[in-house]
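Coordinate analysis (summary)
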Amino acid sequence: DLEKIIVEYIIANNMLYPNSPPVDGYVTRGVVRDNDIVIHAGLDIASKMKNEIRSPLSGIVVSALDGEFGKTIILHHQNDFFTIYGYLDTMLVEARDLIDKGQLIGQVGKDSHANGPHLYFEVWKGNQIIDPRELISTYKEKDVSIR
């Protein structure tokens with residue numbers, strides 16, 4: 001499993017990676033795969049409306065726009081990591097902004113499917129999807145999703 005090999009390599013080599021939770025909440029849906037096909041590439045993290053979303057690692061804003069996941073921010077970090085934040089109520093950064101670890105980047109919102117407030121959160125290493133629960137221990141502990 002390529003994802004497992006990448007995560008083990010990152011940790012074994014003490015690489016910088018997104019390791020702090022961007023928002024306080026509970027994982028209600030995780031990364032879903034059907035064999036090699038990714039059906040849901042990130043986490044849904046139930047949280048309070050307008051809760052603060054913070055960057056888990058320093059980086060640069062690649063994009064801050066209204067897209068498939070509503071108001072969405074994409075950050076590029078060291079070691080070729082990307083993080084994606086969807087369904088925001090408020091975006092507090094713009095493209096090309098430099099971001100520090102822990103910096104406030106937005107606020108939790110809702111999707112258009114009448115789900116409660118939550119953050120949609122993805123982590124990528126290059127072109128490989130990484131389950132954020134493998135990097136952020138808090139989300140492993142606060143996972144109430146059905147596997």
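Higher on the page you've got the structure.
Residues numbered from 1 in each chain as written. Predicted model: local features only at pLDDT ≥ 70, side-chain atom pairs only at ≥ 80, totals over all residues. Heavy atoms only, no water.

A positive phi is found at N14, a non-glycine position, where the angle reads about 50°. The phi dihedral of Y87 falls on the positive side, at around 65°, and the residue is not glycine. Here Y87 shows up in strand β8 (residues 81–91). What makes Y87 buried here is its relative accessible area of 13%. (Helix = DSSP H or I, 4+ residues; strand = E, 2+ residues; numbered from the N terminus. Buried < 20%, exposed > 50% of the residue type's maximum accessible area, 1.4 Å probe, protein only.)

Moving on: the side chain of S47. If you trace the backbone, S47 turns up in the loop between β4 (43–46) and β5 (52–54). Its relative accessible area of 13% is what places S47 among the buried residues. In this view, S47 contacts V23, D24, V108, P117 and H118; residues no more than four positions away in its chain are not counted. (Contact = heavy atoms within 4.5 Å.)

The residue T90 is located in strand β8 in this model. For the pair T90 and H40, spaced 50 residues apart in sequence, the C-alpha to C-alpha distance is 23 Å. With sequence-adjacent residues up to four places away left out, T90 is seen in contact with I105, G106 and Q107. Separated by 2.9 Å, the side chains of T90 and D89 make a polar contact. (Polar contact = N/O pair within 3.5 Å; in protein donor to acceptor, adjacent residues only side chain to side chain.)

Turning next to the side chain of D44. Tracing the chain through its elements places D44 in strand β4. Salt bridges are absent for the buried D44, whose nearest opposite-charge side chain, R29, sits at 4.9 Å. Excluding anything up to four places from it in sequence, D44 contacts Y26, V27, T28, R29, H118, L119 and Y120. (Lys, Arg positive; Asp, Glu negative; His and termini not counted. Salt bridge = Lys/Arg side-chain N within 4 Å of Asp/Glu carboxyl O.)

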